[in-house]
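Overview (structure and organization)
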Amino acid sequence: MEPPAKYLYYPGCSLKATGIAYEESLLTTLRLLEIPVEELPDWNCCGATAYMSVSQSSATLLALRNLALAHQTGIRDVLTPCSACYLTLRKSQELAAHYPETAKDVEQFLEQAGLPHPDSVRVRHPLEMLYNDVGIRRLRELTVRRLQGVRMASYYGCQAVRPYGEVDDPHEPVRMDEVLQAVGVETVDYPLKTKCCGGSLTGTIHEVGVRLNYILLKEAQRKGAQAVVTICPLCQFNLDAYQREIRKQTGEPIDMPVLYLTQVVGWALGGGFRELGLHRAISGRKLIEQWFTVKKEAETYV
Amino acid sequence: MERQIRYQREANLEWAHQFTKQPGGERLLSCIQCGTCSGACPLSIYMDLTPRQIIALVREGFREDALRSKTIWLCASCYACAVECPQKISITDIMYRLKREAIQSNLYPKRFPIPVLAREFCEMVRRRGRNSEFWVVFRMALRSNPFVLFSMARTGWDLWRTGRLSLRKGRIRRIGELQFIPVASKEVD
Ligand code: SF4
Ligand code: SF4
Ligand code: SF4
Ligand code: SF4
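With that out of the way, let us pick up the overall build of chain A. Secondary structure summary: chain A contains 14 helices and 8 strands in total. Computed over C-alpha atoms, the radius of gyration of chain A comes to 19 Å, within 12% of the 19 Å expected from 2.2 N^0.38 for 302 residues, which places it in the range of a compact globule. For chain A, the spread of C-alpha atoms along the principal axes amounts to about 55 × 45 × 35 Å. With 302 residues in all, chain A has 64% of them scored as buried. Sequence separation of at least 24 residues holds for 78% of the intrachain contacts in chain A that already meet a minimum separation of 6. The average position of the 33 basic charges and that of the 35 acidic charges among the side chains of chain A differ by 6 Å.

See below:
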């Protein structure tokens with residue numbers, strides 16, 4: 001299928017706060033690729049896992065409102081970078097399409113709220129968009145600088161690759177590795193790449209959440225990676241924000257950059273340090289500065 | 001130690017039957033107890049009952065055992081179990097339904113943070129259409145265990161100094177449209 005001429009962008013709540021660097025790097029990357037994009041006007045929170053834990057039908061309607069708004073703009077492809085948002089929006093479509101009871105609720109809601117039926121809207125994830133619409137060959141051609149001798153672990157996390165399998169193979173995803181290799185980054189074999197980081201557990205059952213993230217970081221290190229690359233704001237936050245605590249608990253010297261795929265790709269395409277949000281990292285700041293500060297560009301970063 | 005014997009008369013098969021009408025639960029009765037779900041689950045070693053055991057309890061109709069387990073709250077909805085299950089049972093969706101029922105019937109440990117978080121989250125989204133990570137977490141901590149705020153302070157500072165902590169409470173313009181979304185009904189749906 002021909003790639004669309006323009007994309008909508010559904011940020012979700014995280015990309016406006018803890019995941020702001022994901023928004024910055026995604027928009028910069030799209031600009032460098034000359035792909036037009038527009039933020040979905042008046043989007044609402046997708047509801048995430050929390051809403052689904054309270055009411056399945058309300059969660060579905062809440063998520064679907066966004067797709068109805070998307071339909072109104074006439075742009076069909078909605079880029080949804082947050083893995084939890086991606087899954088939630090996809091799931092609402094799935095439930096509305098395959099379960100008559102949900103479909104009835106949806107009809108009623110859309111009619112009352114005066115919204116159109118969003119049949120033709122497609123929920124897209126940036127990883128799959130880079131892979132399918134831009135393509136490995138073009139990414140390779142457009143790469144203007146390479147990270148020499150840095151090895152990274154691609155961490156897909158759980159929600160984006162499951163359960164519908166459109167972003168990548170749910171059992172053995174490889175597309176992030178291919179995208180990274182296309183822009184000149186060496187990736188390591190990382191068997192834990194789809195093991196869940198615990199999501200909001202770091203905020204609720206904290207010890208267990210931190211433990212899962214320790215396992216993920218430790219294994220990446222053991223496999224020879226110097227950084228972990230993510231495609232979800234919550235994965236990034238969990239892996240990035242608790243490294244000090246992990247060091248204190250385990251005594252192990254873990255201080256690893258946890259980057260967004262769009263930061264690494266955007267940098268290879270010529271994006272600047274700050275416009276890619278690289279200054280927002282909590283862990284591994286020294287390495288990030290060392291890798292991504294380009295000498296001749298240095299003076300432009302105030 | 002809790003009593004481990006269960007009698008058939010305690011089982012509520014009608015309740016179990018509802019799960020087969022839940023999206024993802026249609027094939028519940030075909031579970032072969034292979035344990036693949038427990039093996040795939042990254043959290044099963046921290047759970048009191050493994051996902052396989054939860055499925056067995058649900059299928060046999062042991063409602064309270066399933067609803068009172070900590071397992072359902074440790075489940076991070078990662079779908080690892082669901083994509084691996086040879087019988088195509090969406091264990092994740094069964095866990096979701098158990099969470100909904102446990103919240104509605106107040107069958108969770110008091111001051112337990114997760115149901116509180118879920119409620120605070122939905123409340124904020126219903127009123128504003130968006131969620132502020134900061135305020136949701138803050139209010140959850142106040143309601144469950146204010147002391148965790150001290151341990152969160154360090155993370156908060158890290159986020160603040162990297163410009164990632166937003167105190168703004170966003171609000172959508174056409175908030176009226178959300179009024180047509182029913183507030184969680186009495187029925188578990
Ligand atoms: S999943 Fe998270 S970030 Fe995405 S909209 Fe929902 S709450 Fe907000
Ligand atoms: S890995 Fe963690 S943060 Fe990422 S999608 Fe899964 S639960 Fe969410
Ligand atoms: S993986 Fe599926 S069939 Fe096997 S025990 Fe779990 S639910 Fe039952
Ligand atoms: S969805 Fe829940 S039960 Fe299934 S593997 Fe993930 S955490 Fe375990």
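Having seen it, we continue.
Helix-helix packing: each pair is described by the crossing angle between the helix axes and the interaxial distance. All names here are of chain B. Two elements in contact, helix H3 (residues 51-60) and helix H7 (residues 91-104), have axes whose closest approach is 11 Å; the angle formed by their N-to-C orientations is 65°. Where H3 crosses over H7, the two elements pack in a sense that is left-handed. Residues Pro51, Ile54, Ile55 and Val58 of H3 touch H7, and the partners they reach there are Ile91, Ile94, Met95 and Leu98. Of the residues belonging to the contact of H3 with H7, the class tally is 8 nonpolar, no polar and no charged.

Time to look at the environment of Arg222(A). Position of Arg222(A) among the secondary structure elements: in helix H10 (residues 206-222). The exposed category is assigned to Arg222(A), whose relative accessible area is 60%.

Take the interface of chain B and chain A next. Taken together, the contact between chain B and chain A spans 58 residues of the former and 64 residues of the latter. Summed over both sides, the interface between chain B and chain A buries roughly 5300 Å², with carbon and sulfur atoms accounting for 61% of that surface. Where chain B touches chain A, the interface holds 4 salt bridges. When the shortest N-O distance is used, the salt bridge between Asp93(B) and Lys91(A) registers 2.5 Å. The set of elements that each furnish at least two residues to the side of chain B that touches chain A consists of helix H2 (36-40), helix H5 (71-74), helix H6 (80-84), H7, helix H8 (113-128), helix H9 (133-144) and helix H10 (148-161) of chain B. Looking at which element gives the most residues to the side of chain B that touches chain A, the answer is H8(B), with 8 residues. In the side of chain B that touches chain A, the residues fall into 31 nonpolar, 11 polar and 16 charged.

Further remarks concern the pattern of salt bridges. Under the defined criterion, the tally for this structure stands at 32 salt bridges over all chains. Between Arg161(B) and Asp158(B) there is a salt bridge whose closest N-O contact spans 3.2 Å. Of this pair, Arg161(B) and Asp158(B) both sit in helix H10, 3 residues apart, which is roughly one turn of the helix. Measuring nitrogen to oxygen at the nearest pair gives 2.7 Å for the salt bridge that ties Glu177(B) to Arg174(B). Given a relative accessible area of 10%, Glu177(B) falls into the buried group. Using a relative accessible area of 29% as the deciding quantity, one classes Arg174(B) as partly exposed. Residues participating in the shared-partner salt-bridge network are Arg76(A), Asp77(A), Arg122(A), Arg124(A), Glu128(A) and Asp133(A).

Now for the pairing of strand E5 (residues 151-154) of chain A. By the bridge criterion, 2 bridges tie E5(A) to strand E6 (residues 186-187) of chain A in an arrangement that is parallel. Bridge pairing in E6(A) places Met152(A) opposite Thr187(A).

All right, on to the site of ligand 1 then. Around ligand 1 lies a shell of 13 residues, among which Cys13(A), Ser14(A), Cys46(A), Cys85(A) and Asn131(B) are the nearest. Partitioned by chemical class, the residues of the shell around ligand 1 number 9 nonpolar, 4 polar and no charged.

Residues and elements named next belong to chain A. Across the two faces of strand E7 (residues 227-230) the burial is the same, with Ala227 and Val229 and Val228 and Thr230 all buried. Sheet topology note: the E5/E7 ladder contains 3 bridges and is parallel. Residue pairing for E7: serine 154 is matched across the bridge by valine 229. Strand direction decides the pairing type here: E7 and strand E8 (residues 258-260), joined by 3 bridges, are parallel. Across the sheet, the residue bridging to threonine 230 is tyrosine 260, located in E8.

Before going further, it helps to spend a moment on the domain arrangement of chain A. All names here are of chain A. Split by domain assignment, chain A resolves into domain 1 (7-126) and domain 2 (136-299). Listed by partner, the interface residues are 26 residues for domain 1 and 28 residues for domain 2. In this assembly, domain 1 packs against domain 2 so that about 2300 Å² is buried in total across both faces, 64% of it on carbon and sulfur atoms. Inspection of the region where domain 1 meets domain 2 yields 3 salt bridges. Note that glutamate 24 and arginine 280 form a salt bridge whose closest N and O atoms lie 2.7 Å from each other. Our count for the contact surface shared by domain 1 and domain 2 stands at 8 residue pairs in polar contact (both at pLDDT 80 or more). Of all elements in the fold, only helix H1 (20-32) and helix H4 (83-98) reach the threshold of two or more residues within the side of domain 1 that touches domain 2. No other element matches the 10 residues that H1 contributes to the side of domain 1 that touches domain 2. Of the residues in the side of domain 1 that touches domain 2, the class split is 12 nonpolar, 9 polar and 5 charged.

It is worth spelling out the sheet that holds E7(A) at this point. Across a sheet, strands are paired by hydrogen bonds formed along the backbone, either parallel or antiparallel in direction. All names here are of chain A. On the basis of which strands lie adjacent, the open sheet formed by 4 strands has the order E6-E5-E7-E8 and parallel pairing. Only two strands of the sheet have a single neighbouring strand rather than two, namely E6 and E8. Against the sheet, helix H11 (residues 233-241) engages E7 and E8, with an angle of about 165° to E8.

Residues and elements named next belong to chain B. Together, Trp157, Trp160 and Leu167 give the surface a local cluster of nonpolar side chains, amounting to about 350 Å² of exposed area. For leucine 167, the location among the structural elements is in the segment after H10. Given the relative accessible area of 42%, leucine 167 is considered partly exposed.

One finds Met152(A), Leu261(A) and Leu98(B) to be the most contacted residues of the largest nonpolar core, which totals 139 residues. Considering each element in turn, this core owes the most residues, 9 residues, to helix H3 (residues 56-73) of chain A. Apart from the residues lying within four places of it in its own chain, the contact partners of Leu98(B) are Trp15(B), Phe19(B), Ile54(B), Val58(B), Ala66(B), Leu67(B) and Ile72(B). By size, the runner-up hydrophobic cluster in this structure holds 25 residues, among which are Tyr214(A), Ala220(A), Ile246(A) and Ile282(A).

Thresholds, definitions, all that
Residues numbered from 1 in each chain as written. Chains lettered and ligands numbered in written order. Predicted model: local features only at pLDDT ≥ 70, side-chain atom pairs only at ≥ 80, totals over all residues. Heavy atoms only, no water. Helix = DSSP H or I, 4+ residues; strand = E, 2+ residues; numbered from the N terminus. Rg over C-alpha atoms; globule rule 2.2 N^0.38 Å. Buried < 20%, exposed > 50% of the residue type's maximum accessible area, 1.4 Å probe, protein only. Contact = heavy atoms within 4.5 Å. Lys, Arg positive; Asp, Glu negative; His and termini not counted. Charge placed at Lys NZ, Arg CZ, Asp CG, Glu CD. Axes fitted to C-alpha atoms, helices over the stretch in contact; angles between N-to-C directions. Left-handed = near helix turned anticlockwise from the far one by under 90°. Nonpolar A, V, L, I, M, F, W, Y, C, P; charged D, E, K, R; others polar. Buried area = accessible area lost by both parts, 1.4 Å probe. Salt bridge = Lys/Arg side-chain N within 4 Å of Asp/Glu carboxyl O. Pairing = 2+ DSSP bridges. Near = heavy atom within 4 Å. Domains from an automatic or database assignment. Polar contact = N/O pair within 3.5 Å; in protein donor to acceptor, adjacent residues only side chain to side chain. Patch = residues over 30% accessible without salt bridge, like charges linked within 9 Å, V, L, I, M, F, W, Y side chains within 5 Å. Areas by Shrake-Rupley, 256 points an atom, 1.4 Å probe, with all protein chains shown as cover. Core = buried A, V, L, I, M, F, W, Y, C linked by side-chain atoms within 4.5 Å.

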